[in-house]
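Each chain, written out:
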Amino acid sequence: MINLNFIYSEIFICLAIMILLITGVFKKNSSHLIYNLSILSLFACLALILNFPIDANVELFNNSYKIDYLSSFMKILLILSGIFVLLSSSKYIQIVKINKIEYPILVLSSITGMMVMISSNDLILFYIGLELQSLALYVLASFNRENILSSESGLKYFVLSALSSGLLLYGCSLIYGFSGSTNFNLIAENINMDSYGLTFGIIFIITGLAFKISAVPFHMWAPDVYEGSPTSVTIFFAILPKIAAITVFIRILYVPFLNIIDQWQIIIVFLSIASMLFGSIAAIGQKNLKRLIAYSSISHMGYALAGLSVGTNQGIQSSITYISIYLFMNLAFFSCVFMLRRDDKYFENIEDLSGLSKNHPLLSFSFLIVLFSLAGIPPLVGFFAKFYIFTAVIEQSMYTLAIIGLLSTVVAAFYYLRIIKIIYFDPEKEKYESNHNIGLKISLAFSTLFILFYFIYPSPLIEIIEKINII
Amino acid sequence: MDFPILSSLILLPLLGSIFIFFSKSKSNTYLTIKYLALFVSFANFILSLYLWYLFDPSTSEFQFLEEQSWIKGFINYKVGIDGISILFIILTTFITPLCVVSVNSTIKYRLKDFLVAILIMESLMIGVFCSLDLVIFYLFFEGGLIPMFLIIGIWGGDRRVYSAFKFFLYTLLGSVLMLVAIISIYWITGTTDVMYLYNLGIDQKYQYLLWLAFFSSFAVKTPMWPVHTWLPDAHVEAPTAGSVLLAAILLKMAGYGFIRFSIGLFPIASEYFIPLIYILSLIAIIYTSLVALMQEDMKKLIAYSSVAHMGFVTLGIFTFTQQGLEGSIFQMISHGLVSAALFLSVGVIYERMHTRLIANYGGLVSVMPKYAIVLMVFTLGAVGLPGTTGFIGEFLILIGAFKKSFLVAVIASIGVILSAAYMLWLYKRVIFGEIKKNEIKKIADLNKSEIFILSSLVLPIIFFGFYPEPLLNTTEISIENLIEMYNKNLNSILIEK
């Protein structure tokens, strides 16, 4: 008898999706209600996860579904950010007129897919989760049908993502062929160091996952999709798939393939260095805030990968810390972007920020905090994220990686400073409305305060994450 | 448990800045905010004087220690002071109220934000001088970039954006290598606590690279030739109070860092790299003095003179003699007072004439007699005339240098002559001569707040020039101990060989 207790949260969210869908079909003009109900069901889902002992370690369904500290923590992170994303974008989707009933339901199904990904302990299950989240994301990217950029971004994401899924699946089949199993534990037992097929399989899987977190050289889709999608979807893209993909990265690299670390370590190091450098340099010339944050997220993923490339628990923990902190920084950034609204029109060019500090001191202060934090300047939280990563990297004496990474933060600082310059030093240009919905205000206030005051007491986050021991 | 006086020094300005940030002030004069900022910074000054009173100069141990677990099992928040750091703290708390008073005439818009930035700067700078953990030190050291970037960028002159970016990126680039070094130290020794590291010592084979990484950060901040180019730009564009903070305190963070970390943690590497430091310092002294002679902009001239003076400081530090090190600290304090005073003086006439070009002035002595007198004192202080603090610092450094190398000391002495040349020439061109312009005839002499600021700088410059004992006494034992430790480390290496 399988103990279903542990997957109550997944069951609940599936049921919620179906009930909400039925309600939406039979009840007219219920999009607002469904939106709020989806937020509520995410809260309930969070409560269900927290209800069970978080340090449980069980494997369900023939060891293909794993509930452990890592998966529980990442799910909590995922659902928390889901809640914040929905809270902050409720006004946006009304004004851009994409407040259809499908919108929150697609968000929920994508989150379900990610939860499956996070818990998967089997290649097939992992692939199913990945496809579930991707399918929902294709639709979400092109949700603003009237906007040609949005359609383009959906199509672009679909085509490229299908390609990468193909590679991923090919990698999975190679690994199955050379190890005789799709279960991570069994692969780890039967692994044969010398077979080239296995190495190719790993490379294909890493390629597919690198595509999902938009690491260089598989980043091409990110800027276009970030720019084209509605902002409420961009914030989703920027945060949630990355949490899921990093977890899968950890699981695949460190459970079945830990013994052949010398085979994949160099690949991850390369991805990391390329992402850090490319993301920092390419962002310099950008004019659109969403496009800029796309490049910035490419470089941030480079740092997260640097933590993963180390091959120690410390490295994994630093990477998870990085993702957790990155989540709040992005949330704060996009909450600021959501506030640039006047006459039912949203502004997303960097030039629109010109002289913002004259009329909106608090909003510009939040921008200031977020941007310096993204640049990694102490004592803001972004510094600690990088600090933990480089602590782990230097422990293994990977000095080249550390020095390149830190030098690219200097390059990156330049384009963050450019935005600050436009906000604070340039003459004023636009004046925006200041009545925002409470959800947006909460998410901005919460994330900004977290960024600003994390340094006072950094221990709790570290202590929670320190319990994640994969190796 | 004792009253946590150091943390109070750090926190008080921060709390003040939070109050000011959230206070609503409708009127254009911002009177309450100004008084609040002045009160906070002055209270901090009194507190630091009290600290000096409590301070026991007869021991080289760290005093007023506070330790608090910060990142569990990894980094502790640890602050404490010894004879080396206390003077810098007092310098910081002394200069900040003067900056706050000086905003009256120099800052025309967004005064509230400016005062917030100044007070946050004060907090961070005090933090730098009393932190006893490398990571905490780095946090304060780098955190100062944010307010300074804004001070230059928002309230600066025409090329403020360029200067602010140059300042920020130069310093950040220098410091990231220091971060790598700090993390490496943690993995090599298992701690970032400076007191433990002093006892533990760092293995010789690591010292050279670590020293270079720290050097890259401090050299940019000092600034040493050839990475000094951000300083003239930043000084020229920053508002008066910003220049004062930059010259008086920010530059001292690097000198302090050299003494506390480079010498304290890496004695063998410090000995090894002496030629590098001497060459760079001498180039800074001679070359930037010559450059200063050619400047047409007053602020730029003073900025280049700062580079030259800091060249003396680095030279003195790396003589590893009692006189050289004491002289360096004295010179830093003296330069903090003198350069702050000079920038404030330039600010005074800039507010009246809106130009910093030397050629536009001349003959000020007949219209601004009081100004001419105080500027004379500051100029002589910068030249290093006996009876001012500048003399004692340079004199001690040169004694230290003579002990170490005759040639180095002779070349450095030429710098003293050059500094007299450019400073006195500047004074002559601005104050004496004929009045060339009609606007100068109408210029008003110092007003009350300016007299207050400038005279409160004249007093310590002359007082400590004649009676340096209090300052030298405070530092003496700590430096003796530092040199003793340094020699012990070197000898132990020689014995091993």
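Residues numbered from 1 in each chain as written. Chains lettered and ligands numbered in written order. Predicted model: local features only at pLDDT ≥ 70, side-chain atom pairs only at ≥ 80, totals over all residues.

Digging into the overall build of chain A
Line of reasoning, step 1. For chain A, the count of helices and strands is 19 helices and four strands.
Line of reasoning, step 2. By principal-axis analysis of the C-alpha atoms, chain A measures approximately 65 × 60 × 40 Å.
Line of reasoning, step 3. Going through the 471 residues of chain A one by one, you find that 57% of them count as buried.
Line of reasoning, step 4. For chain A, the share of sequence-separated contacts (at least 6 apart) that also reach a separation of at least 24 residues comes to 78%. (Helix = DSSP H or I, 4+ residues; strand = E, 2+ residues; numbered from the N terminus. Buried ≥ 20, exposed ≤ 12 C-beta atoms within 10 Å, placed from the backbone. Contact = placed C-beta atoms within 7 Å.)

Considerations on the overall build of chain B
Line of reasoning, step 1. What chain B contains, in helices and strands, is 22 helices and two strands.
Line of reasoning, step 2. Principal-axis analysis of the C-alpha atoms gives chain B an extent of 75 × 55 × 40 Å.
Line of reasoning, step 3. Expressed as a percentage of its 497 residues, the buried residues of chain B come to 58%.
Line of reasoning, step 4. By sequence separation, contacts in chain B at least 24 residues apart represent 79% of the contacts at least 6 residues apart.

Considering helix 9 (residues 204-221) of chain B
All names here are of chain B.
Line of reasoning, step 1. For helix 9, built from 18 residues, the straight-helix expectation of 26 Å at 1.5 Å per residue is met to within 8% by its first-to-last C-alpha distance of 26 Å.
Line of reasoning, step 2. Along its length, helix 9 reaches its greatest deviation from straightness, about 25°, at Phe215.
Line of reasoning, step 3. Every buried residue of helix 9 is listed here: Gln207, Leu210, Trp211, Ala213, Phe214, Phe215, Ser217, Phe218, Ala219, Val220 and Lys221.
Line of reasoning, step 4. Contact partners of the buried residues in helix 9: helix 7 (160-189), helix 11 (240-265) and helix 12 (267-272). (Expected span 1.5 Å × (residues − 1). Bend = angle between axes of the 7 residues up to and from the residue.)

Concerning the interface of chain B and chain A
Line of reasoning, step 1. Of the residues lining the interface, 25 residues belong to chain B; the matching set on chain A comes to 24 residues.
Line of reasoning, step 2. For the side of chain B that touches chain A, the secondary-structure elements that each account for two or more residues are strand 1 (63-71), helix 5 (134-143), helix 6 (145-155) and helix 7 of chain B.
Line of reasoning, step 3. Looking at the side of chain B that touches chain A element by element, the count peaks at 13 residues for helix 7 of chain B.
Line of reasoning, step 4. The residue inventory of the side of chain B that touches chain A, partitioned by class, reads 19 nonpolar, three polar and three charged. (Nonpolar A, V, L, I, M, F, W, Y, C, P; charged D, E, K, R; others polar.)

Some thoughts on the packing of helix 13 (residues 274-293) of chain B against helix 19 (residues 406-431) of chain B
When two helices pack together, their arrangement is given by the angle between the helix axes and the distance between those axes.
Residues and elements named next belong to chain B.
Line of reasoning, step 1. Where helix 13 contacts helix 19, the two axes come as close as 9 Å, and the packing angle between them is 20°. In terms of orientation, helix 13 and helix 19 fall into the roughly parallel class. Relative to helix 19, the crossing made by helix 13 is left-handed. Every residue of helix 19 that contacts helix 13 at Tyr278, Leu282, Ile285, Ile286, Ser289, Leu290, Ala292 and Leu293 is listed here: Val408, Ile411, Ala412, Ile414, Gly415, Leu418, Ser419, Ala421 and Tyr422.
Line of reasoning, step 2. Split into classes, the residues belonging to the contact of helix 13 with helix 19 amount to 14 nonpolar, three polar and no charged. (Axes fitted to C-alpha atoms, helices over the stretch in contact; angles between N-to-C directions. Parallel < 35°, antiparallel > 145°, perpendicular 65-115°, else oblique. Left-handed = near helix turned anticlockwise from the far one by under 90°.)

Notes on the environment of Ile302(B)
All names here are of chain B.
Line of reasoning, step 1. Checked against the element boundaries, Ile302 lands in helix 14 (residues 298-317).
Line of reasoning, step 2. We classify Ile302 as buried; it has 28 C-beta atoms within 10 Å.
Line of reasoning, step 3. As for Ile302 and Met423, which are separated by 121 residues in sequence, their C-alpha atoms are 8.5 Å apart.
Line of reasoning, step 4. Apart from the residues within four sequence positions on either side, Ile302 is in contact with Ser339, Leu342, Phe343 and Val346.

Quick look at the nonpolar core
Line of reasoning, step 1. In this structure, Leu78(A) and Leu115(B) are the most contacted members of the largest nonpolar core, which totals 358 residues.
Line of reasoning, step 2. Contacts of Leu78(A), omitting those with residues within four sequence positions, involve Ile111(A), Met114(A), Met115(A), Ile118(A), Leu240(A), Ile243(A) and Ala244(A). (Core = buried A, V, L, I, M, F, W, Y, C linked by C-beta atoms within 7 Å.)

Things to note about the pairing of strand 1 of chain B
The side chains of a regular strand alternate between both faces of the sheet.
Residues and elements named next belong to chain B.
Line of reasoning, step 1. Two elements, strand 1 and strand 2 (residues 75-81), share six bridges in a ladder whose sense is antiparallel. From the neighbouring strand, Gln63 faces strand 2, where its bridge partner is Ile81.
Line of reasoning, step 2. Taking the residues that link successive antiparallel strands as the turn, the strand 1-strand 2 hairpin has three residues, and the phi of Gly73 there is positive, at about 70°. (Pairing = 2+ DSSP bridges.)

Quick look at the packing of helix 7 of chain B against helix 9 of chain B
Residues and elements named next belong to chain B.
Line of reasoning, step 1. In the contact formed by helix 7 and helix 9, the axes pass within 8 Å of each other and the chain directions differ by 150°. For the element pair helix 7 / helix 9, the angle class is roughly antiparallel. Viewed along their axes, helix 7 and helix 9 form a crossing whose handedness is left-handed. On helix 9, the residues touching Tyr170, Thr171, Gly174, Ser175, Leu177, Met178, Val180, Ala181, Ser184, Ile185 and Ile188 of helix 7 are Tyr206, Leu210, Ala213, Phe214, Ser216, Ser217, Ala219, Val220 and Lys221.
Line of reasoning, step 2. When the residues that make up the contact of helix 7 with helix 9 are grouped by side-chain class, the tally is 13 nonpolar, six polar and one charged.

Re unusual backbone geometry
All names here are of chain A.
Line of reasoning, step 1. A cis geometry characterises the amide bond from Pro378 onward to Pro379, with omega recorded as 0°.
Line of reasoning, step 2. Topologically, Pro379 is positioned in the loop between helix 15 (361-375) and helix 16 (381-395).
Line of reasoning, step 3. For Asp343, which is not glycine, the phi dihedral falls at a positive 50°.
Line of reasoning, step 4. Tracing the backbone shows Asp343 in the loop between strand 3 (341-342) and strand 4 (345-346).
Line of reasoning, step 5. By C-beta crowding, Asp343 is classed as exposed, having 7 other C-beta atoms within 10 Å.

Things to note about the environment of Tyr198(B)
Residues and elements named next belong to chain B.
Line of reasoning, step 1. Counting through the fold element by element, Tyr198 comes out in helix 8 (residues 194-200).
Line of reasoning, step 2. A residue is classified by how many C-beta atoms lie within 10 Å of it, and Tyr198, with 16 of them, is partly exposed.
Line of reasoning, step 3. Once the C-alpha coordinates of Tyr198 and Phe466 are considered, the two residues, 268 residues apart in sequence, prove to be 35 Å apart.

Considerations on helix 8 (residues 196-212) of chain A
Residue and element names in this part refer to chain A.
Line of reasoning, step 1. Relative to the 24 Å expected for 17 residues at 1.5 Å per residue, helix 8 spans 25 Å between its end C-alpha atoms, a close match to the ideal helical length.
Line of reasoning, step 2. For helix 8, the tally of buried residues reaches twelve of 17 residues, placing the bulk of the element in the interior.
Line of reasoning, step 3. Taken together, the buried positions of helix 8 are occupied by Leu198, Gly201, Ile202, Phe204, Ile205, Ile206, Thr207, Gly208, Leu209, Ala210, Phe211 and Lys212.
Line of reasoning, step 4. Ser214 occupies a position one or two residues after helix 8 and carries a positive phi of about 50°.

What to know about the confidence of the model for chain B
Line of reasoning, step 1. Here chain B shows a mean pLDDT of 86. Residues at 70 or above account for 98%.
Line of reasoning, step 2. Prediction confidence for the complex, expressed as pTM and ipTM, is 0.91 and 0.89 respectively. (pLDDT = per-residue confidence, 0-100.)

Details of the confidence of the model for chain A
Line of reasoning, step 1. Residues at a pLDDT of 70 or more form 99% of chain A, whose mean pLDDT is 88.
Line of reasoning, step 2. Mean pLDDT across the elements of chain A ranges from a minimum in strand 1 (residues 58-60) of chain A, with 82, to a maximum in helix 4 (residues 102-119) of chain A, with 92.

Topic: the environment of Met125(B)
Residue and element names in this part refer to chain B.
Line of reasoning, step 1. As for its position among the elements, Met125 is in helix 4 (residues 111-130).
Line of reasoning, step 2. The class for Met125 is buried, based on 28 C-beta atoms found within 10 Å.
Line of reasoning, step 3. The spacing of Met125 and Phe88 is 37 residues in sequence and 9.2 Å in space, taken between C-alpha atoms.
Line of reasoning, step 4. Once residues within four sequence positions are removed from consideration, Met125 is found in contact with Thr92, Gly144 and Ile249.

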